[in-house]
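Inside the fold
Here are the chains, one letter per residue:
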Amino acid sequence: MGARRVGTLEATVDWLLTDSRSLSFPEETLFFALTTKRNKGARYIPDLYERGVRNFVLSQEDFDEWSKETGDGRMETGDVDSTLTSDFQLSTFNFQLSTKQGLSAFNFLIVSNPLKALQKLAEQHREQFQIPVIGITGSNGKTIVKEWLHQLLSPDRIIVRSPRSYNSQIGVPLSVWQMNEEAELAIFEAGISEMGEMRALANMIKPSIGILTNIGGAHQENFFSLQEKCMEKLSLFKNCDVVIYNADNELISNCVAKSMLTAREIAWSCKDAERPLYISKILKKEDHTVISYRYLEMDNTFCIPFIDDASIENSLNCLAACLYLMMPADQITERMVRLEPVAMRLEVKEGKQGCILINDSYNSDLASLDIALDFLVRRSEAKGMKRTLILSDILETGQSTTTLYRKVAQLVQSRGIEKIIGVGPEICSSAARFDMEKYFFHTTDELMASELLNGLHNEVILIKGSRAFNFDLVSDALELKVHETILEVNLGAMVANLNHYRAMLRPETKMVCMVKASAYGAGSYEIAKTLQEHRVDYLAVAVADEGAELRKAGITSSIIIMDPELTSFKTMFDYKLEPEVYNFHLLDALVKAAEKEGITNFPVHIKLDTGMHRLGFAEGDVPLLIRRLKNQNALIPRSVFSHFVGSDSPQFDAFTRQQIEIFERASVELQRAFPHKILRHICNTAGIERFPGAQFDMVRLGIGLYGVSPIDNSVINNVSTLKTTILQIRDVAAEDTVGYSRKGHLERPSRIAAIPIGYADGLNRHLGCGHAYCLVNGKKAPYVGNICMDVCMIDVTGIDCQEGDPAIIFGDDLPITVLSDVLDTIPYEVLTSVSTRVKRVYYQD
Ligand SMILES: *Cc1c(COP(=O)(O)O)cnc(C)c1O
């Protein structure tokens, strides 16, 4: 890596780490202290050192900044000004290296850019292997094509591949690092979000076989045009032997022609019989598709158990790769029909008897086991629940049983798993390696027949099985059966939204995330936990009890209470919940209460009224406010803020600017009176988007986090999906009516479905009688008649559906704004109306 080494410890490195939370084998880990816009990996070095990590890659600046070498080689931390953020505690850290140990206790590898060093290491590692490497890029389908190729090819060869969708500047080096002596083929994904990024990925992957899945609008924001994006993607293939793509896609075809690749092409086409791979026929049946093709003058046919266009396209890309690798046609046919859907989610569900279930149906291998265990540890840490793993045999890894289960046992041990339930002959035979509470079964049926599952309680349970073991039975048995109506919350999408807004801020601007009203209906704990993991500076809730609940569940982030009640001071002091203070009455009462408890310097947040005329000190109150604050030391103003009235709407821009001016004056006046820094903030979501100049020291993100942008919804991700299941379908004659008060008039013979969601679940009654619709299998199904308390009826005439099919009330393809527009309200109200009896189910892509 061209690093300068400080330290002389003899060490072997097996694991590369970029996120300190994912540590599993400290002694064999090399930590890369990456610097992002928001965070410095170097901050976590002290903590990692405590946990046994001895090898670090960091930049010269970071090294200089917080460490200085004294004459005897002892490390001391430099003085880093301890800011108000609690996780920045380098100043109190001391490596505690005795002079005797000195330099032999660690290795610091100092480089100019740790990310580049990581990539360089991956490049060097890649150089050692001469095996075929498939590089996959494109806007959609990368992970599915990768996993399907693995399903198709792995019976005959040992394959390494990117875990999940590790395809970024950091994900790719970590993927490439997995290449080893035994591997006979590697499959890596490459994902980019801006120009110039592919070069680094191409240098690490060095694919010999290139697949371009397709080009779409995802991650478009940093590209000038689709063509530019396509050309950038194709640069992955510059030294490939063969390139695979859809020749019927004009954009791709043109770009391939323009990019002058020297590689052979297996362009497939459904139209042009002259192309190397001609798809002569695609026949969709009820639940499978029959595909005929001609390649090298030979005609063949295969089936896939899917009928959607994306799956067909993905299978054709796989077909081309298999043909290039000279897989016999009958083998292709035989394996294509057994392709399995790729589940990319880690689902978190409520289990019976207080358990939490983490269901990972993603392919079972060591790397994905590691990721899932990491996820489990993070979920169980806060709640202090027992960690349990239900694991089947891991198939087709190419490693010997002995090596594989030695590694599994190490991994499981290092993640602090307390109980393992193993299923399958191989894991059974390795039972002795697991040093913890353990149970082993030869088959899933044996496990199901035992009483074991019934006895699990208050545990966080990771369920991870190879497909052949059909662990759906296990998760079914453990799952708490709930009302069929659920609100699905996509935590990954929320994090993407968080990062979207973070990218609009100056690096030093702090952020408050609003998790009031149960995180806008999404459920506060899981949301707060995820935000805490992503190190937002503050969380804000409405009342003290919400904050106390979060504390009890293990949330340690700073929390602001927006509406402190006079009766809740004790709770706030006990749980270190920082109140907003908006008038003298509240201020005096708080001071008195804090003094009674002997508390000093308790942080509070001063609210100014700059135009909302709801709560807050007026500008004219500030001199008196300063005097009162200076006259006591129970409370200390940590921040001063105000709230916009109409930042989302250009018609109020003059007013908004006036609010900013008043805030500027009043907050400066307050700050001048105190020697310590008082954080200033005024922007909500719309403010962040529309008034970037008003960021001050901090912003408050609300609705945007939850997937609704006040300006342009297409740039952020939907987070919540309210869905239910069709209970019953019946045919109703044209002259009949549906529902209470005979409101549902039919104009034709109709198919009417009943779904178990009503106004008591938060489905507003005004949506009934045809005012709105839900989605059934992608089609609009209008509400018929009055919405009842717990059930409503929808018209599914002409929609291909049956009892048990899902109905989407709102979600990715039916934005909340469609409903809020019909109701003449705002999306906030629709989101927060979903009643608590609707179970929240969280998942992470
Ligand atoms: C709710 C709230 C926000 C967040 O507003 P969004 O429009 O959801 O971004 C910000 N500040 C205060 C004081 C709030 O009450």
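What you see is a predicted model, and the numbers here were worked out from it, not measured in a lab. (Residues numbered from 1 in each chain as written. Predicted model: local features only at pLDDT ≥ 70, side-chain atom pairs only at ≥ 80, totals over all residues. Heavy atoms only, no water.)

Looking at the overall build of the chain
From N to C terminus, the chain includes 26 helices and 41 strands. For 845 residues, the compact-globule estimate of 2.2 N^0.38 gives 28 Å, and the C-alpha radius of gyration of the chain, at 29 Å, lies within 12% of that figure. Structurally, the chain occupies a C-alpha span of about 90 × 90 × 65 Å along its principal axes. Intrachain contacts of the chain at a sequence separation of at least 6 include 67% that bridge at least 24 residues. Carbon together with sulfur atoms contributes 49% to the accessible area of the chain, which is approximately 36,100 Å² in total. When the 89 positive and 110 negative side-chain charges of the chain are each reduced to one mean point, those points stand 4 Å apart. (Helix = DSSP H or I, 4+ residues; strand = E, 2+ residues; numbered from the N terminus. Rg over C-alpha atoms; globule rule 2.2 N^0.38 Å. Contact = heavy atoms within 4.5 Å. Areas by Shrake-Rupley, 256 points an atom, 1.4 Å probe, with all protein chains shown as cover. Lys, Arg positive; Asp, Glu negative; His and termini not counted. Charge placed at Lys NZ, Arg CZ, Asp CG, Glu CD.)

Here we look at the site of the ligand
The full set of residues close to the ligand is Met514, Lys516, Tyr520, Met562, His643, Asn684, Thr685, Arg700, Gly702, Ile703 and Tyr828. Contact between the ligand and His643: a nitrogen atom at 3.4 Å from a side-chain N or O atom of the residue. Relative to its unbound accessible area of 390 Å², the ligand is 92% covered by the protein chains. Classifying every residue of the shell around the ligand gives 5 nonpolar, 4 polar and 2 charged. (Near = heavy atom within 4 Å. Polar contact = N/O pair within 3.5 Å; in protein donor to acceptor, adjacent residues only side chain to side chain. Nonpolar A, V, L, I, M, F, W, Y, C, P; charged D, E, K, R; others polar.)

Looking at the sheet that holds strand 12 (residues 242–246)
With respect to topology, 9 strands assemble into an open sheet ordered 9-10-8-11-12-13-14-15-16, the strand pairing being mixed. Each edge of the sheet is formed by a strand with only one pairing partner; in this case those strands are strand 9 (159–161) and strand 16 (298–304). Strand-to-strand twist across the sheet, computed as the mean angle between neighbouring axes with direction ignored, equals 20°. (Pairing = 2+ DSSP bridges. Axes fitted to C-alpha atoms, helices over the stretch in contact; angles between N-to-C directions.)

What about the pattern of salt bridges?
Going through the model one piece at a time under the given rule, you end up with 36 salt bridges. With its nearest N and O atoms 3.7 Å apart, the salt bridge here joins Arg638 to Glu578. Residue Arg638 is found in strand 29 (residues 635–641), and its partner Glu578 is found in strand 27 (residues 577–581); the two are separated by 60 residues along the sequence. One exposure class covers both Arg638 and Glu578, and it is buried. Between Lys677 and Asp697 there is a salt bridge, with its nearest N and O atoms 3.2 Å apart. (Salt bridge = Lys/Arg side-chain N within 4 Å of Asp/Glu carboxyl O. Buried < 20%, exposed > 50% of the residue type's maximum accessible area, 1.4 Å probe, protein only.)

Overview of the packing of aromatic side chains
Per the stated rule, a full pass over the model turns up 14 aromatic pairs. Summarising the aromatic geometry, the rings of Phe31 and Phe56 are spaced 6.5 Å apart at their centres and angled 80° between planes, so their arrangement reads as edge-to-face. Of the two residues, Phe31 sits in strand 3 (residues 29–32) while Phe56 sits in strand 4 (residues 55–59), which places them 25 residues apart along the sequence. Residue classification places Phe31 among the buried positions, given a relative accessible area of 1%. Considering the side-chain rings of Tyr520 and Tyr706, the 4.7 Å spacing of their centres and the 25° angle between planes classify their relative orientation as stacked. Taken as a pair, Tyr520 in helix 17 (residues 516–520) and Tyr706 in the loop between strand 31 (698–701) and strand 32 (720–725) lie far apart in primary sequence, 186 residues in all. Judged by its relative accessible area of 7%, Tyr520 falls in the buried class. Of the residues examined, Tyr706 reaches a relative accessible area of 2% and is grouped as buried. Members of the aromatic cluster, connected to one another through ring pairs, are Phe31, Phe56, Phe63, Phe106 and Phe108. Here Lys630 stacks its cationic end above the ring of Phe674, 5.1 Å away from the centre of that ring. (Phe/Tyr/Trp six-rings, centres within 6.5 Å; stacked < 30°, edge-to-face > 60°. Lys NZ or Arg CZ within 6 Å of the ring centre and 35° of its normal.)

A look at the UniProt feature "domain: Alanine racemase C-terminal" (unreviewed entry) in the chain
UniProt feature "domain: Alanine racemase C-terminal" (unreviewed entry): in the numbering of this structure it lies at residues 719–843. Regarding residues 719–843, the helix share stands at 11% and the strand share at 36%, and the terminal C-alpha atoms are separated by 10 Å. (UniProt positions renumbered as here; feature names shortened; annotations may be inferred.)

Remarks on the sheet that holds strand 7 (residues 107–111)
Ordered by their spatial adjacency, 5 strands build an open sheet running 1-7-4-3-2, and the pairing between neighbours is mixed. Each edge of the open sheet is held by one strand with a lone partner, namely strand 1 (4–6) and strand 2 (15–17). For this sheet, the mean inter-axis angle between neighbouring strands, taken without regard to orientation, is 25°. Relative to strand 4, strand 3 runs parallel, the two being bridged by 3 bridges. When the sheet's bridge partners are listed, Phe31 is paired in strand 4 with Phe56. Across the sheet, helix 3 (residues 114–127) is in contact with strand 2, strand 3, strand 4 and strand 7; its angle to strand 3 comes to roughly 140°.

Details of the environment of Leu17
Within the secondary structure layout, Leu17 lies in strand 2. Residue classification places Leu17 among the buried positions, given a relative accessible area of 6%. Sequence-wise, Leu17 and Leu587 are 570 residues apart; in three dimensions their C-alpha atoms are separated by 47 Å. Leu17 has contacts with Ser22, Leu23, Thr29, Leu30, Phe31, Phe32 and Leu48, leaving out every residue within four places of it along the chain.

Things to note about the UniProt feature "active site" (unreviewed entry) in the chain
Mapped onto the present numbering, the UniProt feature "active site" (unreviewed entry) falls on Lys516 and Tyr740. For the residues just named, distributed over 225 residues, the greatest C-alpha separation reaches 36.0 Å, placing them at more than one site. Following the sequence through the fold, Lys516 ends up in helix 17. For Lys516, a relative accessible area of 29% gives the class partly exposed.

Things to note about the environment of Phe655
By the element assignment, Phe655 lies in helix 23 (residues 653–672). Along the sequence, Phe655 and Gly611 sit 44 residues apart, while their C-alpha atoms lie 8.3 Å from each other.

Some thoughts on the domain arrangement of the chain
The domain boundaries assigned to the chain delineate domain 1 (1–69 + 106–112), domain 2 (116–337), domain 3 (347–478), domain 4 (489–706) and domain 5 (720–843). Of note, the centres of domain 3 and domain 4, computed from C-alpha atoms alone, are 42 Å apart. Each partner contributes residues to the interface: domain 3 has 5 residues there, and domain 4 has 8 residues. Together, the buried faces of domain 3 and domain 4 total about 590 Å²; carbon and sulfur atoms form 44% of this surface. Where domain 3 meets domain 4, there are 0 residue pairs in polar contact (both at pLDDT 80 or more). Of the residues forming the side of domain 3 that touches domain 4, the biggest block, 4 residues, is contributed by helix 11 (residues 366–383). For the side of domain 3 that touches domain 4, the residue count by class is 2 nonpolar, no polar and 3 charged. (Domains from an automatic or database assignment. Buried area = accessible area lost by both parts, 1.4 Å probe.)

Side note on the nonpolar core
Grouped together as the largest cluster of nonpolar side chains are 142 residues, with contacts concentrated most on Ile527, Leu531, Ile606, Leu670, Ile755, Val776 and Tyr783. With residues up to four places along the chain from it excluded, the contact list for Val776 reads Ile726, Ala781, Ile794, Val796, Ile799, Cys801, Pro806 and Ala807. Within the second largest apolar cluster, 38 residues are counted, among which are Trp148, Leu152, Ile312 and Ala321. (Core = buried A, V, L, I, M, F, W, Y, C linked by side-chain atoms within 4.5 Å.)

Describing helix 22 (residues 622–630)
Within helix 22, burial applies to Val622, Leu625, Ile626 and Leu629. Considered in projection along helix 22, the buried side chains sweep an arc of 100° and stay on one side of the axis. (Arc of directions from axis to C-beta.)

Notes on the pairing of strand 36 (residues 750–755)
Strand 36 sits mainly inside the fold: 5 of its 6 residues count as buried. Here strand 33 (residues 728–732) pairs with strand 36 via 5 bridges, running antiparallel. For Gln728, the partnering residue across the bridge sits in strand 36 and is Ala754. Where strand 36 lies against strand 39 (residues 792–795), 4 bridges are found, and the strand directions are antiparallel. Paired with Ile752 across the strands is Asp795, a residue of strand 39.

Quick look at the packing of helix 3 against helix 6 (residues 198–205)
Any two packed helices are characterised by how steeply their axes cross, that is the angle between the axes, and by the distance between the axes. Where helix 3 meets helix 6, the axes come as close as 7 Å, and the angle between the chain directions of the two elements is 30°. Taking contact as the criterion, the partners of Gln119, Ala122, Glu123 and Arg126 in helix 3 are, on helix 6, Ala200, Asn203, Met204 and Ile205. Partitioned by chemical class, the residues of the contact of helix 3 with helix 6 number 4 nonpolar, 2 polar and 2 charged.

Focus on the confidence of the model for the chain
With 93% of its residues at a pLDDT of at least 70, the chain reaches an overall mean of 89. Confidence, read as mean pLDDT per element, is least for strand 6 (residues 75–77) in the chain (40) and greatest for strand 31 (98). The low-confidence segment residues 69–100 (pLDDT under 50) makes 56 contacts with residues lying over four places distant or belonging to another chain. (pLDDT = per-residue confidence, 0-100.)

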